[in-house]
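# Observations on the three-dimensional arrangement
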Amino acid sequence: MLLESPPWQERAACRGPIAKVFFPPDHPEPRSARDAREARAKAICRACPVRQPCLDYALSIRERHGVWGGTSESERLRLIERSDRSGPTDLTDLTQRLSAR
Ligand code: SF4
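The present account deals with the structure reproduced in this document.

### A few points about unusual backbone geometry
At arginine 62, a residue that is not glycine, the phi angle is positive and equals roughly 55°. Within the secondary structure, arginine 62 sits in the loop between α2 (51-60) and α3 (73-86). Classification of arginine 62 as exposed rests on a count of 9 C-beta atoms within 10 Å.

Given below as structure tokens:
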């Protein structure tokens, strides 16, 4: 996944075999299966102690794949698009509101 892991990943709730839930399979995935997989991953994120740094990291590198910090690929794309329109201050506010869900 990463060449050099950020320190917060040591405390990630998605370490180990469960990590596969966070990324799409290497074969076509029906929408219902994707929704179920992402919901399962997001439930793990909600209890993760490093959710905010994870989300910040994914946004900072514009990670395109998988669930990071409780957000799906499309949700992060929307956050980035909003940030591009309104500036980085707004991004912080958006990520905080998202983490509160
Ligand atoms: S917030 Fe989610 S994706 Fe990020 S480290 Fe925690 S469990 Fe993994």
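On we go.
### So, the environment of alanine 36
With respect to the element layout, alanine 36 can be found in helix α1 (residues 31-46). Alanine 36 gets classed as partly exposed once you count the C-beta atoms within 10 Å, which come to 13. Residues alanine 36 and valine 21, 15 residues apart in the sequence, show an inter-C-alpha distance of 9.6 Å.

### Some points on the nonpolar core
One finds Cys54, Leu55, Ala58, Val67 and Trp68 to be the most contacted residues of the largest nonpolar core, which totals 13 residues. Among the secondary structure elements, those contributing two or more residues to this core are α1 and α2. Sorting elements by how many residues they give to this core places α2 first, with four residues. Excluding anything up to four places from it in sequence, valine 67 contacts Phe22, Glu38, Ala41, Lys42, Cys45 and Ser72.

Calculation notes
Residues numbered from 1 in each chain as written. Predicted model: local features only at pLDDT ≥ 70, side-chain atom pairs only at ≥ 80, totals over all residues. Helix = DSSP H or I, 4+ residues; strand = E, 2+ residues; numbered from the N terminus. Buried ≥ 20, exposed ≤ 12 C-beta atoms within 10 Å, placed from the backbone. Core = buried A, V, L, I, M, F, W, Y, C linked by C-beta atoms within 7 Å. Contact = placed C-beta atoms within 7 Å.

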